[in-house]
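Structural description and commentary
Read off the chains here:
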Amino acid sequence: MSSPRPAAPRLRLSKPEWLGSPKVLRTEVLSGLVVGLALIPEAISFSVIAGVDPKVGLYAACTMAMVIAFAGGRPAMISAATGAVALVVAPVVRQYGLGHLIATVILAGVFQIVLGVLGVAKLMRFVPRGVMVGFVNALGILLFTAQIPNLRDVPWPVYPLVLGGLALMVLFPRLTRAVPAPLVAIVVLTAITVAAGIAVPTVGDKGTLPSALPVPGLPDVPYTAHTLTVIAPYAFAMALVGIMESMMTAKLVDDLTDTPSNKTREAVGQGIANIVTGVFGGMGGCGMIGQTMINVKSGARTRLSTFLAGFFLLILCIALGPVVSTIPMAALVAVMVLVSVGTFDWHSVKPATLRRMPIGETAVMAVTVVVVVATGNLSIGVVVGSLTAMVVFARRVAHLTDVTSVTDPDGTQVVYSVTGELFFASSNDLVHRFDYAGDPADVVIDLSATHIWDASSAATLDAIETKYAARGKRVTFTGLNEPSTVLRARLAGQPARGH
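Residues numbered from 1 in each chain as written. Predicted model: local features only at pLDDT ≥ 70, side-chain atom pairs only at ≥ 80, totals over all residues. Heavy atoms only, no water.

A sheet is described by the order of its strands in space; here four strands give the open sequence β3-β4-β5-β6, paired in mixed fashion. The two strands at the open ends of the sheet, each matched to only one other strand, are β3 (402-407) and β6 (474-478). The mean inter-strand angle of the sheet, taken between neighbouring strand axes irrespective of direction, is 20 degrees. Pairing analysis gives nine bridges linking strand β4 (residues 413-422) to strand β5 (residues 442-452), with the strands arranged parallel. Looking at the pairing, Ser-417 lines up with Asp-446 of β5. Of the strands in this sheet, β4, β5 and β6 touch helix α18 (residues 455-469), which is tilted by about 175 degrees from β5. (Pairing = 2+ DSSP bridges. Helix = DSSP H or I, 4+ residues; strand = E, 2+ residues; numbered from the N terminus. Axes fitted to C-alpha atoms, helices over the stretch in contact; angles between N-to-C directions. Contact = heavy atoms within 4.5 Å.)

Shown next, in the form of C-alpha cells:
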C-alpha cells in the first residue's frame, strides 16, 4: 500500500495593511480622493499642452493610476498624464493627429517593458545625491510657478480664498489628522463660493469633463512600416522620459517613507499602464511627482490610494461632473502651493549647509535646478546634472593621483611610486611627471598603489616607456595588480604576465 502523498504547500498571500486597520483604510481612501480631485486640472492642462481634447488627458490619468496600482513597483506613487510626456508627444498630434498619438503611446509602453526587462531602471543607482536634491528643489519651484497663471488676471476674491485655504491646511492638522487637510480646504472653499455666489474661476472653466466611460479600441492608423518609422522616435523618447521621471519619483518616495521599491517592476509596470492607457484612448503618462507628494504627505503608504485616485477621478468626472466643475481653482492652487513649499529641501540652501558642502556638490545641485526650471523638463535636468556630477568627480579624483621618486645613492636607479586611480582624466597628466632626460638608465615605476581603469591609462604607460626608450633607458613596471595587468596586456595584444 503506497504512502499518501504529502499535501502541496499552500500559497500564502500577505494581507494588505489597509484591510486590517480602519485607520489605514480611512487614510488611503481620503488620500485617494484628494489626489483624484487634484488630478483634474493637471490632466486638463496637460491635454492642452499636447493639443488634444481634455478627456484624452483625463482618461490617461484614470487608467494610468488604476493599472500602475497593481503593476507598479512603488506603493503610494501616482502615475498619470504629465507635462514631460505631453511635451514629447505634442509634435505627433500636430503633424499626424490623434490616431498616431495613441499608437505612439502603445509603442512607448512596449519599449518601456523591454527597457525594464533589460535592467535600464537599475541605472538610477548612479544618480548622485546632488542631482536628487536639485531635482527635488526644481520640482518645488516648478510646482509653485505652475500655479502663477491661475493667479493672473483673476477676480480679487481668488486671493483671499487662496490665503484662506493655506491657513486652513496649516491649522487644521492641529485639531485632527483623521481627515486630510487638503480635502477639508477643497470642501470648505467650494461651499463658501457656491453659498455666497462668488464668481471665481472653477475646474469647469478648464475644460469639459467626460460624460461616459472610455471604450477600448486600436488606434486608427495605417498599419505599415512607414507609420512605425514615424512614431518610433517619439515613442522611444516618451519611454525614456517616462522611465526616468518615474524612477526619480520612486526614489524620492523611497527616501520619504524609508521603504524600498522595485525599480525594474516599476519600469515594466509603466509600460503595461501606457499600453492599457493607449488602448482606452489616453495620451499616456508616467510617475507624477506633484500628486505623489500630495498622496504621501496625506499619509498614504499602500497601493489602495493609487488605485482609488484613478477610480475616484473616473467617478468624479462621469457621475459628479457638475459638482466637481464648481470647485474653485483657488482651492487647488492653495493645495499645490503648500505641496511645493513642503517639497523644496530648505535645509540644502541654508548658509550653514552651503558652507559645509563641497563646492562641487553645490554646483551639481544648482545646475540641475537651473536646467530643469529653464527647460521645464525634469528629465533633461537630471541628465545634465548627472553629467556635471561626472565631470566634477573626474576632476576631483584626477587630482588625487601623485608621483614620488627615490634615487639610489649610487645614482644607477630611480624608483617612482604612483598612487591614485589611473583613468582618462588622471593619466593625461601622468606622462609629464617623470624626468626623462635626467633619470639614470634604470627606471622602476611602482604601481602597487594604483589601478588601471581604461585604455587611456594603458596608453599613457606605453608612452612613458617609449619616451625612456628613445633616450636609451629601460623602464620596469612593478606591483601592477592582476586586473590591471590583464587589461594592459589585452590592449597591447599580448598574453598577460606578472611584472
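Still more to cover.
With that out of the way, let us pick up the packing of aromatic side chains. For any pair of aromatic rings, the description consists of the separation of the ring centres together with the inter-plane angle of the planes. In the structure shown here, the tally under the stated rule is nine aromatic pairs. When the centroid spacing of 4.7 Å and the interplanar angle of 70 degrees are considered together, the rings of Tyr-416 and Phe-434 count as edge-to-face. Here Phe-434 lies in the loop between α17 (424-430) and β5 and Tyr-416 lies in strand β4, a separation of 18 residues in the sequence. In this structure, Tyr-416 and Phe-434 share a single accessibility class: buried. Judged by centre distance (6.3 Å) and plane angle (50 degrees), the rings of Phe-434 and Tyr-436 are tilted. Across this residue pair, the class does not change: Phe-434 and Tyr-436 are buried. (Phe/Tyr/Trp six-rings, centres within 6.5 Å; stacked < 30°, edge-to-face > 60°. Buried < 20%, exposed > 50% of the residue type's maximum accessible area, 1.4 Å probe, protein only.)

What follows covers the pattern of salt bridges. Taken as a whole and assessed by the stated rule, the structure comprises six salt bridges. With a shortest N-O distance of 3.1 Å, Arg-433 and Asp-402 are connected by a salt bridge. Note that Arg-433 is positioned in the loop between α17 and β5 and Asp-402 in strand β3, a separation of 31 residues in sequence. Exposure remark for Asp-402: the relative accessible area of 34% places this residue in the partly exposed category. In this structure, the salt-bridge partner of Asp-462 is Arg-488, at a minimum N-O distance of 2.9 Å. Note that Asp-462 is positioned in helix α18 and Arg-488 in helix α19 (residues 482-492), a separation of 26 residues in sequence. We classify Arg-488 as buried; its relative accessible area is 11%. Linked by salt bridges that have partners in common, Arg-74, Asp-254 and Lys-263 make up one network. (Salt bridge = Lys/Arg side-chain N within 4 Å of Asp/Glu carboxyl O.)

Where β3 meets β4, six bridges bridge the pair, whose relative direction is antiparallel. Bridge assignment links Val-406 to a residue of β4, and that residue is Val-415. Taking the residues that link successive antiparallel strands as the turn, the β3-β4 hairpin has five residues, and the phi of Gly-411 there is positive, at about 75 degrees.

What follows covers unusual backbone geometry. Even without glycine at this site, Ala-76 takes up a positive phi of about 75 degrees. One can find Ala-76 in the loop between α2 (54-71) and β1 (79-80). Phi is positive for Asp-258, which is not a glycine, with a value near 55 degrees. Among the structural elements, Asp-258 can be located in the loop between α8 (225-257) and α9 (263-279). Given a relative accessible area of 71%, Asp-258 falls into the exposed group.

In short, shape yes, function no, at least from these values alone.
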